[in-house]
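The lines below spell out each chain.
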Amino acid sequence: IWKNVDQEKTKSKFNILLEKCKPQPDEIELLFTVMVKMAENYPAPFTSTEIKKMKKLIKPFFDPKNNLTISIFIKSLIDLQKGKLFETDQLSEILKWITKHSENIDINFFNLIVLIFGKINNIPNDGSPIPSIDLKGIEYLWNLLFTSKLPQVSAYFVNLIVRCQDSEAINTFINRCL
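Cut-offs and rules
Residues numbered from 1 in each chain as written. Predicted model: local features only at pLDDT ≥ 70, side-chain atom pairs only at ≥ 80, totals over all residues. Heavy atoms only, no water. Axes fitted to C-alpha atoms, helices over the stretch in contact; angles between N-to-C directions. Helix = DSSP H or I, 4+ residues; strand = E, 2+ residues; numbered from the N terminus. Parallel < 35°, antiparallel > 145°, perpendicular 65-115°, else oblique. Left-handed = near helix turned anticlockwise from the far one by under 90°. Contact = heavy atoms within 4.5 Å. Buried < 20%, exposed > 50% of the residue type's maximum accessible area, 1.4 Å probe, protein only. Lys, Arg positive; Asp, Glu negative; His and termini not counted. Salt bridge = Lys/Arg side-chain N within 4 Å of Asp/Glu carboxyl O. Core = buried A, V, L, I, M, F, W, Y, C linked by side-chain atoms within 4.5 Å. Patch = residues over 30% accessible without salt bridge, like charges linked within 9 Å, V, L, I, M, F, W, Y side chains within 5 Å. Areas by Shrake-Rupley, 256 points an atom, 1.4 Å probe, with all protein chains shown as cover.

**Q** It is not clear to me how the packing of helix α1 (residues 7-20) against helix α3 (residues 48-58) should be interpreted in this structure. Could you clarify?
**A** Packed helices, taken two at a time, are described by the angle their axes make and the gap between the axes. Axis separation between α1 and α3 bottoms out at 9 Å; the angle between their running directions is 40°. Looking at the two axes, α1 sits oblique to α3. Our pair here, α1 against α3, has a crossing hand that is left-handed. Two secondary-structure elements touch here, α1 through K11, F14, N15, L18 and E19 and α3 through E50, K53, M54 and L57.

**Q** Quick question: what am I supposed to make of the side chain of R163 here?
**A** As for its placement among the helices and strands, R163 is situated in helix α8 (residues 151-163). At 4.4 Å, D126 is the nearest oppositely charged side chain to R163, a buried residue that forms no salt bridge. Sequence-distant contacts of R163, that is, excluding residues within four places in its chain, are made with I123, P124, D126, G127, S128, P129 and I130.

**Q** What am I meant to see in the nonpolar core here?
**A** Looking at soluble globular proteins, one finds that nonpolar side chains tend to be buried together. Counting residues in hydrophobic clusters, the biggest one holds 57 residues, and the most contacted among them are L77 and I98. Ranked by residue count, the leading element in this core is helix α6 (residues 107-121), at eight residues. Residues in contact with I98, not counting those within four places in the same chain, are F62, I74, I105, F109, L112, I113 and I116.

**Q** Explain a nonpolar patch on the surface here, please?
**A** Taken together, the side chains of I170, I174 and L178 make up a nonpolar region of the molecular surface, amounting to roughly 340 Å² of accessible area. Mapped onto the elements, I170 comes out in helix α9 (residues 169-177).

Set out below in structure tokens:
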């Protein structure tokens with residue numbers, strides 16, 4: 001349905017949802033599904049104002065029971081239009097926002113964090129080498145490493161260090177962990 005609508009009209013209606021919608025917890029999944037469908041025909045990329053509105057819409061539902069729904073929503077938006085809906089700095093801002101609440105991070109959010117971090121730094125999931133541990137957003141992962149109870153966080157970090165071609169990466173990791 002949204003593919004036949006002018007992109008500017010889609011953008012206008014999408015923004016109306018961002019500004020005016022005050023969903024109940026049991027309505028967010030449906031709302032997010034509609035928004036993802038609309039975003040298929042959205043003139044990329046989102047503006048920083050739209051990202052702020054999106055965060056404001058999502059924030060009231062930011063708790064473990066909604067993590068899967070929120071993760072699917074954000075991941076679906078990232079995957080649309082070959083990733084062109086978000087600029088790198090916007091993804092960095094979302095990464096910062098999500099990792100700020102480490103007590104709410106479960107495996108669903110962590111998988112989203114890994115996806116965003118990988119996109120920001122062009123890190124493929126194929127185990128190929130990475131040149132350095134000086135990556136955009138790495139400070140958020142360091143914080144998560146020390147505050148999260150998820151074993152996947154340390155496993156992901158170790159994987160990054162092992163893949164790193166910089167011989168100082170292991171020393172950096174050890175020194176930060178001490």
